[in-house]
Amino acid sequence: MTYRLDWATADIDGRSTVTDGSGSLGVTVSTPKAVDGRSWHVADIPGDHDALRSDCASEETVVEVSFDAPVSDVSFEIYDVDSGDCWDDNVKVIALDAHGNEVPVRFTHTEAWHHVDGNSIEAEGNGGPGVDGPGAADSVMVHIDAAIVSLKIIHSPGDDFEQAGTIGLSELCFSAAPPVSDGIVSGTAGDDLIDLAYTGDPDGD
């Protein structure tokens, strides 16, 4: 089953609970103000009931998402990654596993004017007014396959101008990651009988 973090109902500066029909998971979101006073905020995007949006940043604007338990198969769309007469979008996606290690990020549905460098994507053209919605030519998909516990998305000006444009972020889709065995059978503070029938290890060892 797939969890969905919907910006229309999520607390973008607090903790929300998402469900997938068989379970629930806590997700904490933070959208601090940048040096120039701007921050990510919920707004209507054409073709999407509500999206998270970053407007005309001259400094980095950041949205941070942390999960109560590891998740995998994370995917979302970033709308309107482009550049124009006086703006240039750069978006960096930082995903960390439970040990604080950065994991790979994939960008798909990119166009010729999108330049991908590791976990960052920058626009080199196709600027236009407004914020295009899902599936537009200047929007990209982001995929994170490995298990992560936190996600940071940073919107900043690219190399060509001192101001970024306006981008949107779709709902986040993800799955609960299966436990990773550490090879150690752990008990609790109680009087556990750890034998062949014992199933209390949190990693399934």
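Being a predicted model, the structure only gives us computed values, none of them experimental. (Residues numbered from 1 in each chain as written. Predicted model: local features only at pLDDT ≥ 70, side-chain atom pairs only at ≥ 80, totals over all residues. Heavy atoms only, no water.)

Draft legend 1. Seen up close, the overall build of the protein. Secondary structure summary: the protein contains 0 helices and 14 strands in total. Along the first, second and third principal axes, the C-alpha atoms of the protein reach 70 × 30 × 30 Å. Residues classed as buried in the protein amount to 45% of the 205 residues present. Relative to all contacts within the protein whose residues are 6 or more apart in sequence, the contacts with residues 24 or more apart total 70%. Where the 8 positive side-chain charges of the protein centre and where its 40 negative ones centre are 5 Å apart. (Helix = DSSP H or I, 4+ residues; strand = E, 2+ residues; numbered from the N terminus. Buried < 20%, exposed > 50% of the residue type's maximum accessible area, 1.4 Å probe, protein only. Contact = heavy atoms within 4.5 Å. Lys, Arg positive; Asp, Glu negative; His and termini not counted. Charge placed at Lys NZ, Arg CZ, Asp CG, Glu CD.)

Draft legend 2. Quick look at the nonpolar core. If you look at the biggest cluster of nonpolar residues, it comprises 37 residues, and the most contacted ones within it are Phe76, Leu151 and Phe174. Among the elements that take part in this core, strand β6 (residues 61–79) stands out by supplying 7 residues, more than any other. Dropping the residues within four chain positions of it, Phe174 is found in contact with Met1, Thr2, Tyr3, Leu5, Val18, Leu25, Val27, Phe67, Val71, Ser72, Asp73 and Val74. (Core = buried A, V, L, I, M, F, W, Y, C linked by side-chain atoms within 4.5 Å.)

Draft legend 3. Up close: the environment of Ser72. For Ser72, the position within the fold is in strand β6. Judged by its relative accessible area of 8%, Ser72 is buried. Distance from Ser72 to Ala176, taken between C-alpha atoms, is 6.2 Å for residues 104 residues apart in sequence. Apart from the residues within four sequence positions on either side, Ser72 is in contact with Ile144, Asp145, Ala146, Ala147, Phe174, Ser175, Ala176 and Ala177.

Draft legend 4. View of the pattern of salt bridges. Taken as a whole and assessed by the stated rule, the structure comprises 4 salt bridges. Close ionic contact of Asp55 with Arg53 constitutes a salt bridge, the shortest N to O distance being 2.7 Å. For Asp55, a relative accessible area of 17% puts it in the buried group. (Salt bridge = Lys/Arg side-chain N within 4 Å of Asp/Glu carboxyl O.)

Draft legend 5. Inspection of the side chain of Asp88 at higher detail. Structurally, Asp88 can be placed in the loop between β6 and β7 (89–96). Although Asp88 is buried, it forms no salt bridge, and the closest oppositely charged side chain is Lys92 at an N-O distance of 14 Å. Within the structure, Asp88 has its side chain in polar contact with the backbone nitrogen of Asp160 (distance 3.2 Å). (Polar contact = N/O pair within 3.5 Å; in protein donor to acceptor, adjacent residues only side chain to side chain.)

Draft legend 6. Local environment of the packing of aromatic side chains. A complete count under the given rule lists 2 aromatic pairs for this structure. Each ring, one from Phe67 and one from Phe174, has its centre 5.0 Å from the other, and the planes form 65°; the classification is edge-to-face. Of the two residues, Phe67 is situated in strand β6 and Phe174 in strand β14 (residues 172–176); the sequence distance between them amounts to 107 residues. Classification of Phe67 as buried rests on a relative accessible area of 7%. Look at Phe174 and you get buried, because its relative accessible area is 0%. (Phe/Tyr/Trp six-rings, centres within 6.5 Å; stacked < 30°, edge-to-face > 60°.)

Draft legend 7. Seen up close, the pairing of β6. Pairing analysis gives 4 bridges linking strand β3 (residues 24–30) to β6, with the strands arranged antiparallel. The partner of Ser30 across the bridge, within β6, is Glu64. As defined by bridge partners, β6 adjoins strand β12 (residues 148–157) across 7 bridges and the pair is classed as antiparallel. Residue pairing across strands places Val63 opposite Ile153, the latter belonging to β12. Both β6 and β14 contribute to a ladder of 3 bridges, which runs antiparallel. Each bridged residue has a counterpart across the sheet, and for Ser75 the counterpart in β14 is Cys173. Bridge count for β6 against strand β13 (residues 166–169) is 2 bridges, and the pairing is antiparallel. (Pairing = 2+ DSSP bridges.)

Nothing here speaks to function; it is geometry throughout.
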